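Next come the chains, spelled out residue by residue.
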Amino acid sequence: MITTYLQRIITLVVCSMALASTACARSTQAASSPAKGSTVKAARSAQPKTVHVPAHLAKRTDAELATLGDQLLDKNLLDSALLCFEVVNAREADGDRVLYAHTLHHAGLIYYRQGIYGKAMERYMSSLQICEEDNLERELSTLYKDIGNVYSMFHDFDQSSALYKKSLALARKFKDYALENMALNNLIFAYTDKTPLSQYRRWQQEMLVHPEKRVRYDYDVFMTEAQVLIYERQPRKAIAVLRKAVDYCLKHHLQPISLASSYGTMSAIFLQLGQREGGGHELGQTVRFETAVSIDQYFLQTRQVLCSGDQITQTGDQLAERFGSGIAEFAGQRIRWCRLGDRKSV
């Protein structure tokens, strides 16, 4: 089982911050499913009741604020978008439940991107209650996936897998192939021993059925293929695919964290195989690119430990014992954390 120490490294690589115990407790509490038939009013208790509204927003309708918030979110202007959504949430969308579910959901998405998982789950669960009561399946199709991402961040892959499957079913119902591929992607990384390995291979093959034009699609295909090979205990084949993912990142100028995710996974495999030279090189590349996205200093210190002199003489078995038992488990966890953090728009 992967040590708490390594889990902290992975968390820092992905989130650029340690997960506070208070946030974990709030998320766990908020994550419990709302009771059947409970009122929306109970779920609304977590919503802000007073929000300072700047003059340029005060005269806008809730629908206009929601549209503006969506536009700002697309531009990654998170704070400004959040203000628009939370103004609508404070008004409870003047009784428009469809709009209210949407702004709650998107406020939660912003909190998730900011690493504030407790608030993210509060907004998500409030939106979920409205969506399930009113059967708002369009909103639910992405909401299930986003709630699943929070569960995955806290290693509850049984819960996240169940939610990704709900998202996948709705995506297929609406023939939303982009969402379908995202749900398949997340299912592959949310490993549980209750799922046969053959199912992960089928999910990966299903990602090829509806190819997309977006640049990230091909990268996702490489990463999921590598992940399944790791599960199947074919590390050398996984490394070959990860090298293709690296080349693709460089060619298409993907975000640094995408490149770091590929390098970091290769490092984990090299370390498990006892190939310190390869692992050190790839891990050095990881640090270089992750520094560009403000990865915590803690990871840099960890890199020095991994590449220190006492590591050089260790055998592959010793490395495996020290850093986790089994390539499939260690590298699987490493790539899952990287990918979940990386897929901020997923």
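Relevant structure appears above.
Scoring rules and cut-offs
- Residues numbered from 1 in each chain as written.
- Predicted model: local features only at pLDDT ≥ 70, side-chain atom pairs only at ≥ 80, totals over all residues.
- Heavy atoms only, no water.
- Helix = DSSP H or I, 4+ residues; strand = E, 2+ residues; numbered from the N terminus.
- Buried < 20%, exposed > 50% of the residue type's maximum accessible area, 1.4 Å probe, protein only.
- Contact = heavy atoms within 4.5 Å.
- Areas by Shrake-Rupley, 256 points an atom, 1.4 Å probe, with all protein chains shown as cover.
- Expected span 1.5 Å × (residues − 1).
- Phe/Tyr/Trp six-rings, centres within 6.5 Å; stacked < 30°, edge-to-face > 60°.
- Salt bridge = Lys/Arg side-chain N within 4 Å of Asp/Glu carboxyl O.
- Core = buried A, V, L, I, M, F, W, Y, C linked by side-chain atoms within 4.5 Å.
- Axes fitted to C-alpha atoms, helices over the stretch in contact; angles between N-to-C directions.
- Parallel < 35°, antiparallel > 145°, perpendicular 65-115°, else oblique.
- Left-handed = near helix turned anticlockwise from the far one by under 90°.
- Nonpolar A, V, L, I, M, F, W, Y, C, P; charged D, E, K, R; others polar.
- Arc of directions from axis to C-beta.

Q: How do you make sense of the overall build of the chain when you look at a structure like this?
A: Along its length, the chain carries 20 helices and 0 strands. In the chain, buried positions account for 55% of the 346 residues. The contacts of the chain with a sequence gap of at least 6 include a subset with a gap of at least 24, amounting to 66%. When the accessible area of the chain is evaluated, it comes to approximately 15,500 Å², of which 53% is carbon and sulfur surface.

Q: Is there a simple way to explain unusual backbone geometry in this structure?
A: Negative phi is the rule for most residues except glycine; trans is the rule for most peptide bonds. We note that Asn76 has phi near 65 degrees; this positive angle belongs to a residue other than glycine. Inspection of the secondary structure assignment puts Asn76 in the loop between helix H5 (62-74) and helix H6 (78-90). The residue Lys175 is not glycine, and still its phi comes out positive at about 55 degrees. Along the chain, the position of Lys175 falls in the loop between helix H10 (157-173) and helix H11 (177-189).

Q: Would you mind showing me how to read helix H9 (residues 137-153) here?
A: Since one α-helical turn is 3.6 residues long, residues separated by three or four positions face the same way. Its 17 residues give H9 an end-to-end C-alpha distance of 24 Å, which sits within 8% of 24 Å, the value for a rise of 1.5 Å per residue. Across the 17 residues of H9, 14 count as buried, placing the element largely inside the fold. One or two residues past the end of H9 sits His155, with phi positive at roughly 65 degrees.

Q: Which parts of the structure should I look at to understand the packing of aromatic side chains?
A: Given two aromatic rings, one states the distance between the centres and the angle between the planes to describe the pair. Tallied over the entire structure, the rule returns 7 aromatic pairs. Relative to Tyr231, the ring of Tyr191 lies with its centre 4.7 Å away and its plane at 40 degrees, an arrangement referred to as tilted. You can see Tyr191 sitting in the loop between H11 and helix H12 (197-206) and its partner Tyr231 sitting in helix H13 (residues 215-231), a full 40 residues away along the chain. We classify Tyr231 as buried; its relative accessible area is 5%.

Q: Got a minute to help me understand the pattern of salt bridges in this structure?
A: Between side chains of opposite charge, pairing is possible as soon as their charged atoms come close. Going through the model one piece at a time under the given rule, you end up with 15 salt bridges. Across the salt bridge formed by Asp62 and Arg91, the nearest N and O atoms sit 2.7 Å from each other. Separated by 29 residues along the polypeptide, Asp62 in helix H5 and Arg91 in the loop between H6 and helix H7 (97-113) bring together distant segments of the chain. Overall, the relative accessible area of 29% leaves Arg91 in the partly exposed class. Among the ionic contacts, a cluster of salt bridges with common partners joins Glu212, Arg214, Arg216 and Asp220.

Q: Is there a simple way to explain the nonpolar core in this structure?
A: Core analysis: the biggest nonpolar cluster contains 41 residues, and Tyr124 and Ile147 have the highest contact counts within it. Elements represented by at least two residues in this core include exactly H5, H6, H7, helix H8 (117-134), H9 and H10. Sequence-distant contacts of Tyr124, that is, excluding residues within four places in its chain, are made with His105, Gly108, Leu109, Tyr112, Leu143, Asp146, Ile147 and Val150. In terms of nonpolar packing, the next biggest core, distinct from the first, is built from 20 residues, Phe189, Ala226, Leu229 and Leu254 among them.

Q: How should I be thinking about the packing of H13 against helix H15 (residues 256-273) in this particular structure?
A: For any two helices packed against each other, one specifies the inter-axial angle together with the distance between the axes. H15 packs onto H13 with a crossing angle of 15 degrees between their chain directions and a minimal axis gap of 12 Å. One finds that H13 runs roughly parallel with respect to H15. The interaxial crossing formed by H13 with H15 has left-handed handedness. Counted together, Arg216, Tyr219, Met223 and Ile230 of H13 and Ser258, Ser261, Ser262, Thr265 and Ile269 of H15 form the full contact between these two elements. Per-class residue counts for the contact of H13 with H15 are 4 nonpolar, 4 polar and 1 charged.

Q: Can you walk me through H5 in this structure?
A: Compared with the 18 Å implied by 1.5 Å per residue over 13 residues, the 18 Å span of H5 between its first and last C-alpha is a close match. For H5, the full list of buried residues reads Asp62, Leu65, Ala66, Leu68, Gly69, Leu72 and Leu73. An end-on view of H5 places all buried positions within 165 degrees of arc, on one side of the element. Phi turns positive one or two residues past the end of H5, at Asn76, with a value near 65 degrees.

Q: Would you mind showing me how to read the environment of Ala81 here?
A: Position of Ala81 among the secondary structure elements: in helix H6. Taking C-alpha positions, Ala81 is 6.8 Å from Asp70, a pair spaced 11 residues apart along the chain. Excluding its chain neighbours within four sequence positions, the residues that come into contact with Ala81 are Gly69, Leu72, Leu73 and Ile110.

So, to be careful, I would describe these as geometric facts and stop short of saying anything about function.
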